[in-house]
Amino acid sequence: MDKYIFDESNGLWYERQGDYYIPCLTLPPEEEQSIGLWGQRHLRYIKEHRKALYTNLQLSGKLNSYLADIDQQAQDWLETIIQQMAQAQGVTEALKATNQMAWVDRMNNIRVSAMEIVGKELIYA
């Protein structure tokens, strides 16, 4: 018996393991993209809570591009929220020039609030 056989009806190669022929299946190649903090958090979330989505993305070869897209969306949204909240609360460069500690305090509060919003609305939803 041959170690490998090719089935022309479905175009698959099969490998003999013991008494059975098992299809030689591989995942499609996936483009490597850098994934930042938000993408890694979302990956952890879908691995634990959305297993079907995680498996589908992994088997289709779209997991990295999906996570990179989520990461980019989250980063863009975070920057937008920070700018809008700073403008609404009157945190300006003039405040930074006159009272640096107050500016740092307010910006840290704004950044933390914006990170919570992005996490709740996009990453863990």
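Placed above this text is the structure.
In short, a report on the structure. (Residues numbered from 1 in each chain as written. Predicted model: local features only at pLDDT ≥ 70, side-chain atom pairs only at ≥ 80, totals over all residues. Heavy atoms only, no water.)

Overview of the overall build of the protein chain
Working step 1: Each helix and strand counted, the protein chain has five helices and three strands in total.
Working step 2: For the protein chain, whose C-alpha radius of gyration is 24 Å, the value lies well above the compact-globule estimate of 14 Å for 125 residues.
Working step 3: Judged by the C-alpha coordinates and their principal axes, the protein chain covers about 85 × 25 × 20 Å.
Working step 4: Per-residue burial over the protein chain gives 25% buried out of 125 residues.
Working step 5: Of all intrachain contacts in the protein chain linking residues separated by at least 6 positions in sequence, the fraction that spans at least 24 positions is 55%.
Working step 6: When the accessible surface of the protein chain is summed, it comes to about 9,000 Å², and 51% of that surface belongs to carbon and sulfur atoms.
Working step 7: One way to put it: in the protein chain the 12 positive side-chain charges average out to a point 9 Å from where the 17 negative ones average out. (Helix = DSSP H or I, 4+ residues; strand = E, 2+ residues; numbered from the N terminus. Rg over C-alpha atoms; globule rule 2.2 N^0.38 Å. Buried < 20%, exposed > 50% of the residue type's maximum accessible area, 1.4 Å probe, protein only. Contact = heavy atoms within 4.5 Å. Areas by Shrake-Rupley, 256 points an atom, 1.4 Å probe, with all protein chains shown as cover. Lys, Arg positive; Asp, Glu negative; His and termini not counted. Charge placed at Lys NZ, Arg CZ, Asp CG, Glu CD.)

What about the pattern of salt bridges?
Working step 1: Within this structure, the stated rule accounts for one salt bridge.
Working step 2: A salt bridge links Lys3 to Glu15; the shortest N-O distance between them is 3.5 Å. You can see Lys3 sitting in the segment before β1 (4-7) and its partner Glu15 sitting in strand β2 (residues 12-17), a full twelve residues away along the chain. (Salt bridge = Lys/Arg side-chain N within 4 Å of Asp/Glu carboxyl O.)

With respect to the packing of helix α1 (residues 37-49) against helix α3 (residues 63-88)
Working step 1: Where α1 meets α3, the axes come as close as 7 Å, and the angle between the chain directions of the two elements is 125 degrees. Considering the angle they form, α1 stands oblique to α3. Between α1 and α3 lies a crossing whose hand is right-handed. Contacts between α1 and α3 involve Leu37, Trp38, Gly39, His42, Leu43 and Ile46 from the first element and Leu63, Tyr66, Leu67, Ile70, Asp71, Ala74, Gln75 and Leu78 from the second.
Working step 2: For the contact of α1 with α3, the class distribution of residues is ten nonpolar, three polar and one charged. (Axes fitted to C-alpha atoms, helices over the stretch in contact; angles between N-to-C directions. Parallel < 35°, antiparallel > 145°, perpendicular 65-115°, else oblique. Left-handed = near helix turned anticlockwise from the far one by under 90°. Nonpolar A, V, L, I, M, F, W, Y, C, P; charged D, E, K, R; others polar.)

Here's the deal with the pairing of strand β3 (residues 20-23)
Walk down a regular strand and you will see the side chains alternate between the two sheet faces.
Working step 1: Of the strand pairs in this sheet, β2 and β3 are connected by four bridges, and their pairing is antiparallel. In the sheet register, Tyr14 faces β3, and the bridge partner there is Pro23.
Working step 2: Taking the residues that link successive antiparallel strands as the turn, the β2-β3 hairpin has two residues, and the phi of Gly18 there is positive, at about 70 degrees. (Pairing = 2+ DSSP bridges.)

Digging into the environment of Arg41
Working step 1: Structurally, Arg41 is set in helix α1.
Working step 2: Sequence-wise, Arg41 and Asp71 are 30 residues apart; in three dimensions their C-alpha atoms are separated by 9.1 Å.
Working step 3: Aside from chain neighbours lying at most four places away, what touches Arg41 is Met115, Ile123 and Tyr124.

Topic: the sheet that holds β2
Working step 1: With respect to topology, three strands assemble into an open sheet ordered β1-β2-β3, the strand pairing being antiparallel. Bordering the open sheet on either side are β1 and β3, each of which pairs with just one other strand. For this sheet the average axis-to-axis angle between neighbouring strands, irrespective of direction, equals 35 degrees.

Details of the side chain of Asp71
Working step 1: Structurally, Asp71 is set in helix α3.
Working step 2: As a buried residue without a salt bridge, Asp71 has its nearest oppositely charged side chain in Arg41, at a separation of 8.8 Å.
Working step 3: Among the polar contacts listed, one links the side chain of Asp71 to the backbone nitrogen of Gly36, at a separation of 3.4 Å.
Working step 4: With sequence-adjacent residues up to four places away left out, Asp71 is seen in contact with Gly36, Leu37, Trp38 and Gly39. (Polar contact = N/O pair within 3.5 Å; in protein donor to acceptor, adjacent residues only side chain to side chain.)

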